[in-house]
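# Descriptive structure summary
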Amino acid sequence: MENRRDNLLEALKAIRRSIWVFHLNTGSCNACDIEILDVLTPYFDVERFGIKPVASPRHADLVLMTGPVTRKTLPKVVNALRAVPRPRLVLAIGACAVGGGIWHDSYSVSGGVEGLKKVLEENGVEIDKLVYVPGCPARPEAIIYGVAVLLGIAKPKVKEEVVEVK
Amino acid sequence: MSLLKPFKLIGIAHRSGVVTVRYPFQPPLVTPEFRGRIRIDASKCIGCGACVNACPSNALTLVDDGERRALNYFIGRCIYCGRCADVCPVGAITISREFELATDNIGDLNSRVIHYKATCSCCGEETTATERMISYVVSRVPVTETYVHMGSRCRKRRFIEGLMMGRGMIYGESER
């Protein structure tokens, strides 16, 4: 376990300046996908940080996952994630991917990445690091921030808040 | 003509200049209309659940647990529509402009306001209302003050007793 963590940290260090991303749409409404395209355009120009889209999950370091993982896409998503070389890094982008969004209790979705995790466990596919990027859709800046959190460059700003009213 | 094309492009690129934003080193463009995560002011919240009814994605949920009632806010499901802020009767919910919410631990995305339920003035059991809800109702409608501190069961019993008293049933029985 300890060894694996060290390997992950080493791998994250190695890809810090060159991250190849694969865009995986799992039945999203396209808003998050447009925001991802926005990140890749010259306006945000993430090639500054070495982030580059690739066409196959076999070439990818990082999977940008959008959508609530519908039933139709579920087997394809599992296959695509299985094809990603270790360490498997996944960025769950948008309200749908993080918590199921407004379809969280629908019959036709598996409830975002939380539902997907169970299916992946059954199929023996392990995700090494998963970062959640909430937003509906997530802003391009939020996606860049999410990648920074994944690489350990930035610290997460949100904390669990519990307030008790007397 | 085609040979001159690259030179033409240089002119166009020079005129438009650099469009790339230096995001991490420069504050992002956030307009005043932008809706980010909501903030629940625990000092104002009365735990009525109006926001829970209005929430389209069930990001806001009420969880009853014995004497406590928790208002959960899960950012991961929130679609930032701002309806909760519209319906909140006390204005406890404000829409902030925070959007850098990425985290690797899903527990960080939860926030919770825990209320305590009021106890019935008649039987001492907890009612369905929180103490803040009752004081809010009393401050708005002073007429309800006589029975608002009771639970629904005691309220029903008192009503039936009053009805029976009016028809002389209890009175007749106790006299005998």
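So, here's what we can say about the structure. Quick caveat, the model's predicted, so the values are computed rather than measured.

It is worth spelling out the overall build of chain A at this point. Helix and strand counts for chain A come out as six helices and six strands. Overall, chain A shows an N-to-C arrangement of helices and strands of α-β-α-β-β-α-β-α-α-β-α-β. Relative to the 2.2 N^0.38 estimate, which gives 15 Å for 166 residues, the radius of gyration of chain A is 16 Å and therefore close to what a compact globule would have. In terms of principal-axis extent, the alpha carbons of chain A reach across some 45 × 40 × 40 Å. Out of the 166 residues in chain A, the part that is buried amounts to 52%. Just so you have it, chain A exposes about 8,300 Å², and 54% of that area is on carbon and sulfur atoms. One way to put it: in chain A the 22 positive side-chain charges average out to a point 3 Å from where the 19 negative ones average out.

Turning our eyes to something else, we now look at the sheet that holds strand S5 (residues 129-133) of chain A. All names here are of chain A. The strand order across the open sheet built from five strands is S2-S1-S3-S4-S5, with neighbouring strands paired in parallel fashion. Two strands bound the open sheet, and with one partner strand each, they are strand S2 (51-53) and S5. Adjacent strand axes in the sheet meet at a mean angle of 25°, parallel and antiparallel pairs treated alike. Both strand S1 (residues 19-25) and strand S3 (residues 62-66) contribute to a ladder of five bridges, which runs parallel.

Once that is clear, we can look at the side chain of Glu141(A). Residue position: Glu141(A) is located in helix H6 (residues 140-151). What makes Glu141(A) buried here is its relative accessible area of 5%. Excluding residues within four positions of it along the chain, Glu141(A) makes contact with Phe44(A), Tyr23(B), Pro28(B), Leu29(B) and Phe99(B).

With that out of the way, let us pick up the nonpolar core. Counting 48 residues, the largest nonpolar core has Leu24(A), Met65(A), Leu81(A), Leu116(A), Ile40(B), Leu60(B) and Tyr73(B) as its most contacted members. Those residues in contact with Tyr73(B) that lie beyond four places of it in its chain are Arg37(B), Ile38(B), Ile40(B), Ala59(B), Leu60(B), Cys78(B), Tyr80(B), Leu109(B), Asn110(B) and Ser111(B).

This paragraph deals with the interface of chain A and chain B. Each side of the interface is counted separately: chain A has 39 residues, and chain B has 43 residues. Of the roughly 3,600 Å² buried where chain A meets chain B, counting both sides, 60% is carbon and sulfur surface. It is Arg139(A), Val158(A) and Val165(A) in chain A that bury the most area against chain B; as a group they hold 18% of the surface buried on that side. At the boundary of chain A and chain B, one finds five salt bridges. Between Glu100(B) and Lys157(A) there is a salt bridge whose closest N-O contact spans 2.3 Å. Scanning the region where chain A abuts chain B turns up 14 residue pairs in polar contact (both at pLDDT 80 or more). Looking at the side of chain A that touches chain B, the elements that each hand over two or more residues are helix H4 (94-99), S5, H6 and strand S6 (161-164) of chain A. The element contributing the most residues to the side of chain A that touches chain B is H6(A), with six residues. Of the residues that constitute the side of chain A that touches chain B, the class distribution is 22 nonpolar, five polar and twelve charged. Taken together, the four bridges between S6(A) and strand S5 (residues 110-119) of chain B define a ladder with parallel strand orientation. Each bridged residue has a counterpart across the sheet, and for Val162(A) the counterpart in S5(B) is Arg112(B).

What follows deals with empty space enclosed by the protein. Residue and element names in this part refer to chain B. All told, the structure shown has four cavities of 30 Å³ or more when counted by the stated rule. What lines the largest cavity is a set of 14 residues, and nearest its centre among them are Cys45, Cys48, Cys51, Cys88 and Ile93. Class assignment of the residues belonging to the lining of the largest cavity gives a composition of twelve nonpolar, two polar and no charged.

To continue, consider the packing of aromatic side chains. Considering all chains together, one arrives at two aromatic pairs over all chains under this definition. Between Tyr43(A) and Phe44(A), the aromatic rings sit 5.0 Å apart at their centres with planes inclined by 90°, giving edge-to-face as the arrangement. By relative accessible area, which is 39% here, Tyr43(A) ends up partly exposed. Taking the relative accessible area as the measure of exposure, Phe44(A) reaches 5% and is therefore buried. Judged by centre distance (5.7 Å) and plane angle (85°), the rings of Phe34(B) and Phe99(B) are edge-to-face. One end of the pair, Phe34(B), is in the loop between helix H1 (5-16) and strand S1 (38-40); the other, Phe99(B), is in the loop between strand S4 (93-95) and S5, and 65 residues separate them in sequence.

For the rest of this paragraph, the subject is the packing of helix H3 (residues 74-83) of chain A against helix H5 (residues 112-122) of chain A. Residue and element names in this part refer to chain A. At a closest axis distance of 11 Å, the pairing of H3 and H5 adopts a crossing angle of 65°. Pair H3 / H5 crosses with right-handed handedness. On the side of H3, the interface is formed by Leu74, Val77, Val78 and Leu81, while H5 contributes Leu116, Val119 and Leu120. For the contact of H3 with H5, the per-class residue count stands at seven nonpolar, no polar and no charged.

What follows concerns the packing of helix H2 (residues 31-40) of chain A against H6(A). Residue and element names in this part refer to chain A. Between H2 and H6, whose axes approach to 9 Å, the crossing angle comes to 75°. One finds that H2 runs roughly perpendicular with respect to H6. Residues Glu35, Ile36, Asp38 and Val39 of H2 form the contact with H6, whose participating residues are Pro140, Ile143 and Ile144. For the contact of H2 with H6, a count of residues per class yields five nonpolar, no polar and two charged.

Thresholds, definitions, all that
Residues numbered from 1 in each chain as written. Chains lettered and ligands numbered in written order. Predicted model: local features only at pLDDT ≥ 70, side-chain atom pairs only at ≥ 80, totals over all residues. Heavy atoms only, no water. Helix = DSSP H or I, 4+ residues; strand = E, 2+ residues; numbered from the N terminus. Rg over C-alpha atoms; globule rule 2.2 N^0.38 Å. Buried < 20%, exposed > 50% of the residue type's maximum accessible area, 1.4 Å probe, protein only. Areas by Shrake-Rupley, 256 points an atom, 1.4 Å probe, with all protein chains shown as cover. Lys, Arg positive; Asp, Glu negative; His and termini not counted. Charge placed at Lys NZ, Arg CZ, Asp CG, Glu CD. Pairing = 2+ DSSP bridges. Axes fitted to C-alpha atoms, helices over the stretch in contact; angles between N-to-C directions. Contact = heavy atoms within 4.5 Å. Core = buried A, V, L, I, M, F, W, Y, C linked by side-chain atoms within 4.5 Å. Buried area = accessible area lost by both parts, 1.4 Å probe. Salt bridge = Lys/Arg side-chain N within 4 Å of Asp/Glu carboxyl O. Polar contact = N/O pair within 3.5 Å; in protein donor to acceptor, adjacent residues only side chain to side chain. Nonpolar A, V, L, I, M, F, W, Y, C, P; charged D, E, K, R; others polar. 1 Å grid on protein atoms, 1.4 Å probe; cavity = no way out; pocket = protein on both sides within 12 Å on 5 of 7 lines; lining within 4 Å. Points joined across faces, edges and corners; volume = space filled by probe spheres on them. Phe/Tyr/Trp six-rings, centres within 6.5 Å; stacked < 30°, edge-to-face > 60°. Left-handed = near helix turned anticlockwise from the far one by under 90°. Parallel < 35°, antiparallel > 145°, perpendicular 65-115°, else oblique.

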